[in-house]
Amino acid sequence: MSNEVYHNDDDPKSYEEAMRSSNCNKWQKAMESEIESMKINKVWTLFEALKDIKPIGCKWVYKKKIGADGKVKTYKARLVAKGYRQQEGIDYDETFSPVVMLKLIQILLAIAAYYDCEI
């Protein structure tokens, strides 16, 4: 388990704030990495919006990951949809979150240990 934690106190609250900060180049790289990851994972399908439909907006969320030594280890940027405007069946069909529950990892390790498997 990692000793890193997310730092919230002075993380930018908007794109504009991130670009005005002294770490703007690090935030820019984090955003580029997020966009590249979305392209690789085919997160969306781009198409021309219909005339009478207003697209759902999005925003950037910024977080610094702090190591056990108290220093910033990673700059994270996530592009998130303004979900409060979404309607199931119209704006999305399914949801995806790349998060694993700790309990599932513990179960997997217990099964592997029981059957003497290598992980």
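Let me begin by describing the structure that accompanies this report.

Scoring rules and cut-offs
- In this numbering scheme, every chain counts its residues from 1 along its sequence in written order.
- Reporting of local features is limited, given that this is a predicted model, to residues whose pLDDT is at least 70; pairs of side-chain atoms are given and counted only at 80 or more, and all residues count toward the totals for whole chains, interfaces and linings.
- Water and hydrogen atoms were dropped before computing side-chain values, which therefore reflect all heavy atoms in the structure.
- Remark: nonpolar core denotes a set of buried residues (Ala, Val, Leu, Ile, Met, Phe, Trp, Tyr, Cys) joined through side-chain atoms within 4.5 Å.
- Between buried and exposed lies partly exposed: a residue is buried under 20% and exposed over 50% of the maximum accessible area for its type, with that area taken using a 1.4 Å probe on protein chains only.
- For helices the rule is a DSSP run of H or I covering at least 4 residues; for strands it is a run of E covering at least 2, with both sets numbered from the N terminus onward.
- A contact between two residues is defined here by any heavy atoms of the two lying within 4.5 Å.
- Under the convention used throughout, the expected extent of a helix is 1.5 Å for every residue step, that is, one less than its residue count.
- Only residues whose relative accessible area exceeds 30% and that form no salt bridge enter a patch; like-charged residues are grouped when within 9 Å of one another, and nonpolar side chains (Val, Leu, Ile, Met, Phe, Trp, Tyr) when within 5 Å.
- Method for areas: the Shrake-Rupley scheme with a 1.4 Å probe, in which residue coverage is limited to the protein chains shown.
- Within this document, salt bridges are pairs made up of a side-chain nitrogen of Lys or Arg and a carboxyl oxygen of Asp or Glu, the two lying within 4 Å of each other.
- None of His or the chain ends enter the tally, which takes Lys and Arg as positive and Asp and Glu as negative.
- To locate a charge, the coordinates of NZ of Lys, CZ of Arg, CG of Asp or CD of Glu are taken.
- Pairing of N or O atoms within 3.5 Å defines a polar contact, subject to two protein rules: one partner must be a possible hydrogen donor and the other a possible acceptor, and residues neighboring in sequence count only if both atoms are side-chain atoms.

1. So, the nonpolar core
Alright, step 1. Counting residues in each nonpolar core, the largest one holds 8 residues, listed as Ala18, Trp27, Ala30, Met31, Trp60, Tyr62, Tyr75 and Ala77.
Alright, step 2. If you list the elements that add at least two residues to this core, you get α2 (24-40), β2 (58-66) and β3 (72-81).
Alright, step 3. Here this core gets 3 residues from one element, more than from any other, and that element is α2.
Alright, step 4. Contact partners of Tyr62, with chain neighbours within four places excluded, come to Asp11, Pro12, Ser14, Tyr15, Ala18, Trp27, Met31, Lys76 and Ala77.

2. What about helix α3 (residues 102-114)?
Alright, step 1. An ideal rise of 1.5 Å per residue puts 18 Å on 13 residues; α3 measures up with 18 Å between its terminal C-alpha atoms.
Alright, step 2. Backbone geometry just after α3 places Asp116 at a positive phi near 55°.

3. Section: a positive patch on the surface
Alright, step 1. Taken together, Lys54, Lys59, Lys82 and Arg85 make up a surface patch of like positive charges.
Alright, step 2. Tracing the sequence through the fold places Arg85 in the loop between β3 and α3.
Alright, step 3. We classify Arg85 as partly exposed; its relative accessible area is 36%.

4. Some points on the environment of Trp60
Alright, step 1. Within the secondary structure, Trp60 sits in strand β2.
Alright, step 2. Those residues in contact with Trp60 that lie beyond four places of it in its chain are Tyr15, Met31, Glu34, Ile35, Ala77, Arg78 and Leu79.

5. Description of the side chain of Lys64
Alright, step 1. With respect to the helices and strands, the residue Lys64 is situated in strand β2.
Alright, step 2. Polar side-chain contacts of Lys64 include one of 2.9 Å to the side chain of Asp10.

6. So, the pattern of salt bridges
Alright, step 1. Per the counting criterion, the structure on display carries 3 salt bridges.
Alright, step 2. One salt bridge connects Arg78 with Glu34, and the closest N-O pair in it is separated by 2.9 Å. Of this pair, Arg78 sits in strand β3 while Glu34 sits in helix α2; the two residues are 44 residues apart in sequence, bridging distant segments of the chain.
Alright, step 3. Asp69 is the partner of Lys73 in a salt bridge, and the nearest nitrogen-oxygen pair spans 3.3 Å.
Alright, step 4. Given a relative accessible area of 45%, Lys73 falls into the partly exposed group.
Alright, step 5. Look at Asp69 and you get partly exposed, because its relative accessible area is 47%.

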